[in-house]
Amino acid sequence: MQSDGDGDKRKASGETGFSTRRLAESHTISGNRNNTFNLSSRLRKYRILMQSAYKYFRSGEGEHSHAAEWVLDNYYIIQQAIRQVHEDMPSGYYRQLPVLESPVHLEPSRVFSIAWEIIQCSENQLDMVLITRFVRNYQKTTPLTMGELWAIPTMLRFGVLEKLFRLISCITDLPCEGICDIGKAEEAVDEDIVVASCIQNLRMFATQDWKDYFEKTSLVEGVLRRDPSGDYTGMDFPTRNSYRLTVEKIAFESCLDELRIAQEAIGMADEACDDPRSGHVGFFLHTKEGRILLEDRLGYSRPAFVGFRRILWEHVSGLYAGSIVLISLIFLLCMLGYALTEGAGVLQMVSVLLLCLLPASAVGVDLVNTFLMHNTIPRRFPRMDFSRGIPPEYRTMVVIPTLLSDPGDVHSMIRQLERHYLANRDKNLTFAVLSDFADAPKQQMPGDGELLELAYNEIERLNRRYHRSSGNPFYQFHRRRKWNPGESCWMGWERKRGKLMEFNRLLRGKGGTSYDVRIGELRILPDIKYVITLDADTSLPQNCGSRLVSTMAHPLNRALLARKNGRLINGYTVLQPRILTGPSKGSESLFTRIFAGDFSIDLYSNAVSDVYQDLFGEGNYVGKGIYDVEAFDRCLEGRIPENTLLSHDLFEGIHVRAGLVTDIVLYEDYPPHYLAWTNRLHRWIRGDWQLLPWLRSTVPDATGSRRRNDLSFLDKWKIIDNMRRSLLSPALLVLLMAGWLWLPGSPLFWIFKVLLIEFRCPLTDTIFEFFSKLKRKTSLKVTRPVKASWLRSLFALVFLLYETSITIDAAVTSVLRLTVTRKRLLQWRSAAHTVRMFGRDLKGGLVWAKMYTVTIFVPVIC
């Protein structure tokens, strides 16, 4: 039997629906969207009245009213609501809202009229069910734009504030021009009850999930959910919202209806439903090529500024390279012009040209990259929503390639593995160690068995401690040593690259690996689709693993390979998160406090990677991130000659296409002192120069023969750019010495130019920070990162001679090993071993032996 209460609710719902339809039918949109109502001015009046009312009630004059208590107790709630309206309704957005032909209220926008009607219908007791139902009923007669749907929560706040301040003004008799011009003919009400209801409504607004309201009321959302691939509903909210923003943007630029645009996108996806990429509606809303097809189908002429912007993006490679060349050329011409005015001969002019070539390129590259970093909106990768867990079809294993040389390494590795698990608990996320023994003169060394047994016991202890019904989460895979004639020792085949390549073969069910120890539930190995590879000193933050998997699993990011040759057609094989120094490690020494987080002198600069991703859609791979096992293995199959690559990360990244996911961050340790950093620098430079053969027209492969080089210009530029940066220190040193001893003109001029080049990064950082703060009207005080940038450049100048010796040694060593000896191309020392080596040098003898040249150079520059 139906209760009277239920009948009253249905009756009220029907009446509300009827009044809503009548309201929609009465609304006629004006052709002129010039909204003359000054919302900011009204909000300023609210603040003034609120401050006056607060003083009035505090003085005790309003003690007779319960409204005074509500206002005094919730002063911060009211202030927060005023601030929220101001922040959520910027002037550009506000002016785009449709206005009524014959507005009833002083505020003429259609969305305010709807919000005010909702407030009146609710009898001051607002709730999300009523708001959602009202908006849905309205749209049965007249669809609202997505901008209006998002504006309704803000206009509801504004309407409630309007009613609240009208009452406050009446209670206190405080004058406030323009506040009391709405609803003056309203019937008398209990002021205390209405004030309390208004404040409760403001509280309710602050706690609601308006995203859920929007998706329940958006007609465009309802259309996009018909995505034939079925992936749309499984995406996270920011990705769905980016699709809707594209629809809104096209509608604004073309004056077409939003619903029609969404329906056309769904229709085109239906036509291509057999294609795994274009069968997803996001292909036409998120990718450049798909959006062009959609706009052509809609048949609208693009605005001039949109067409111009598109032309620029189509020629972005030429513009990027041309800008660098132009700035470098200007710098070179200045140097040559000065030399010419000082009476330089032909030989001196040629010398100036050659000596300034690399410094000029550094100025050009860094200025262009810095400008782009501050003026380009980063691309956000679309992402699935795996907040409830990673689906079984995307089962992933987190692996840490490492060396076992002493019990301390084992315990450190186990602690790291446990931390990763505790921060990333998911039944379809497992954790493994890929281990080798250190290089040795024999295949079996004393203590090997004890280390393996210790590792086995620790892995089993973790599995017992964190046992779960879906299977144990921890694994270990250990390789036996193999004789390497190029390195003249017994070692793990191909070091870290070999660990991962053999592990991929193991996952794909191929034989012939040297993993002779396998601990864990091996039955799940064929189900592993993705691998997240980390270094031993890398931290995987909370839920970072799930976010990486959800990004990789999106249909526009999935690797799509050609069936015949296995080449990557679309998507990404590797996704590389941003790498930052861990907060605790960034302050453990004076060196790390200054240098940690430096992206201007490291060869794998995050700044450059961001530019590559934002302009060209691919970043630099630095060996940490998530990859598709099958796609990664197929893309590199047969491409890498054995015992050739030390820095394989860059090589792999340009062959498999790596994307930089800038909104996901991994943290890693930073070298604790300068010599550990230069040891790493030496290894990086050797690795980069070993890629020289891949700049030729034909390149070596795994069979020992040669094949046509199919690297793009961008891929080759990444290799060249790393080598160019490594040569900058020697170039500056030679230019400084030549300016003192031989170049025409004053030596002070050449010293100034060297200083200008050496301090180019802090100079540009300071300039951009100054204008940024000037624009935001904030304090012009120099921040700590900019100060650290100046200190880094100062130390780079002091250590110029030492870094030059490091660079020349690394480059010459690599070239000789590539062309003459063909030995020790994989020479490598772990970061932990380097730190321990210098840590044992308590009296500094090793440090003095390595850095004695600095003591010669410092007095000269001082």
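Predicted, not measured: the structure shown is a model, and the values here were computed from it.

Residues in a regular strand point their side chains to alternate faces of the sheet. Judged by how many residues are buried, strand S13 (residues 658-668) sits mostly within the fold: nine of 11 residues are covered. Relative to S13, strand S8 (residues 538-539) runs antiparallel, the two sharing two bridges. Bridging from a neighbouring strand, threonine 538 pairs with glutamate 668 of S13. Looking at chain direction, strand S11 (residues 574-581) and S13 are connected through eight bridges and run parallel. Paired with leucine 580 across the strands is tyrosine 667, a residue of S13.

To continue, consider the confidence of the model for the protein. The predicted model of the protein averages 86 in pLDDT, with 89% of residues at 70 or higher. Helix H35 (residues 845-861) is the least confidently modelled element of the protein, averaging 58 in pLDDT, while strand S7 (residues 530-533) averages 98, the highest of any element. Taken as a whole, residues 1-12 scores under 50 in pLDDT and shows two contacts with residues more than four places along the chain or in a different chain.

Together, Leu347, Met737, Trp740, Leu741 and Trp742 make up an exposed nonpolar region whose accessible area comes to about 620 Å². Counting residues per element, the nonpolar patch draws most heavily on helix H29 (residues 728-741), at three residues. Structurally, tryptophan 740 is set in helix H29.

So, about the environment of aspartate 231. Within the secondary structure layout, aspartate 231 lies in the loop between helix H11 (219-224) and helix H12 (237-254). With relative accessibility at 15%, the residue aspartate 231 sits in the buried group. Once the C-alpha coordinates of aspartate 231 and valine 281 are considered, the two residues, 50 residues apart in sequence, prove to be 8.8 Å apart. Setting aside chain neighbours within four positions, we find aspartate 231 in contact with His280, Met384, Pro555 and Arg558. Here serine 229 takes part through its side chain, which lies 3.2 Å from a polar atom of the side chain of aspartate 231.

Turning our attention to the packing of H29 against helix H33 (residues 800-821). At a closest axis distance of 8 Å, the pairing of H29 and H33 adopts a crossing angle of 130°. On the basis of the axis angle, H29 is oblique to H33. The element H29 and its partner H33 pack so that their crossing is left-handed. On the side of H29, the interface is formed by Ser729, Pro730, Leu732 and Leu733, while H33 contributes Leu800, Leu801, Glu803, Thr804, Thr807 and Ile808. The residue inventory of the contact of H29 with H33, partitioned by class, reads six nonpolar, three polar and one charged.

On to helix H26 (residues 648-656), then. Of all nine residues that make up H26, nine are buried, and the element is covered over most of its length. Those residues of H26 lying buried are His648, Asp649, Leu650, Phe651, Glu652, Gly653, Ile654, His655 and Val656. Directly after H26, the chain includes arginine 657, whose backbone phi takes a positive value near 65°.

Alternating positions in S7 separate into two faces, Tyr530 and Ile532 on one and Val531 and Thr533 on the other, with burial throughout. Summarising the sheet, strand S1 (residues 396-404) and S7 pair through four bridges and their orientation is parallel. Along S7, the bridge assignment pairs valine 398 with isoleucine 532. Both S7 and strand S12 (residues 625-628) contribute to a ladder of four bridges, which runs antiparallel. Following the sheet pairing, threonine 533 is matched in S12 by glycine 625.

What follows deals with the pattern of salt bridges. One pass over the structure, following the stated rule, counts 44 salt bridges. Each of Glu215, Glu221, Arg225, Arg240 and Arg244 takes part in a single network of salt bridges with overlapping partners.

Moving on, we get to unusual backbone geometry. Although it is not a glycine, asparagine 543 adopts a positive phi angle of roughly 60°. Its relative accessible area of 41% is what places asparagine 543 among the partly exposed residues. The backbone of asparagine 643 sits at a positive phi, close to 55°, despite the residue not being glycine. With respect to the helices, strands and loops of the structure, asparagine 643 is situated in the loop between helix H25 (629-636) and H26.

Attention now moves to the nonpolar core. Ile78 and Ile131 are the most contacted members of the largest nonpolar core, which has 128 residues in total. Take this core: its biggest share by element is 14 residues, from helix H8 (residues 146-172). With near-sequence residues (within four places) excluded, isoleucine 78 lies in contact with Met50, Val71, Leu161, Leu164, Phe165, Ile199 and Leu202. Counting 55 residues, the second-largest nonpolar core is a separate cluster that includes Leu506, Ala631, Val699 and Ile806.

Here we come to the side chain of serine 109. Turning to its location among the elements, serine 109 is positioned in the loop between helix H5 (91-95) and helix H6 (110-121). Apart from the residues within four sequence positions on either side, serine 109 is in contact with Asn35, Pro98, Val99, Leu100 and Met155.

Calculation notes
Residues numbered from 1 in each chain as written. Predicted model: local features only at pLDDT ≥ 70, side-chain atom pairs only at ≥ 80, totals over all residues. Heavy atoms only, no water. Buried < 20%, exposed > 50% of the residue type's maximum accessible area, 1.4 Å probe, protein only. Helix = DSSP H or I, 4+ residues; strand = E, 2+ residues; numbered from the N terminus. Pairing = 2+ DSSP bridges. pLDDT = per-residue confidence, 0-100. Contact = heavy atoms within 4.5 Å. Patch = residues over 30% accessible without salt bridge, like charges linked within 9 Å, V, L, I, M, F, W, Y side chains within 5 Å. Areas by Shrake-Rupley, 256 points an atom, 1.4 Å probe, with all protein chains shown as cover. Salt bridge = Lys/Arg side-chain N within 4 Å of Asp/Glu carboxyl O. Polar contact = N/O pair within 3.5 Å; in protein donor to acceptor, adjacent residues only side chain to side chain. Axes fitted to C-alpha atoms, helices over the stretch in contact; angles between N-to-C directions. Parallel < 35°, antiparallel > 145°, perpendicular 65-115°, else oblique. Left-handed = near helix turned anticlockwise from the far one by under 90°. Nonpolar A, V, L, I, M, F, W, Y, C, P; charged D, E, K, R; others polar. Core = buried A, V, L, I, M, F, W, Y, C linked by side-chain atoms within 4.5 Å.

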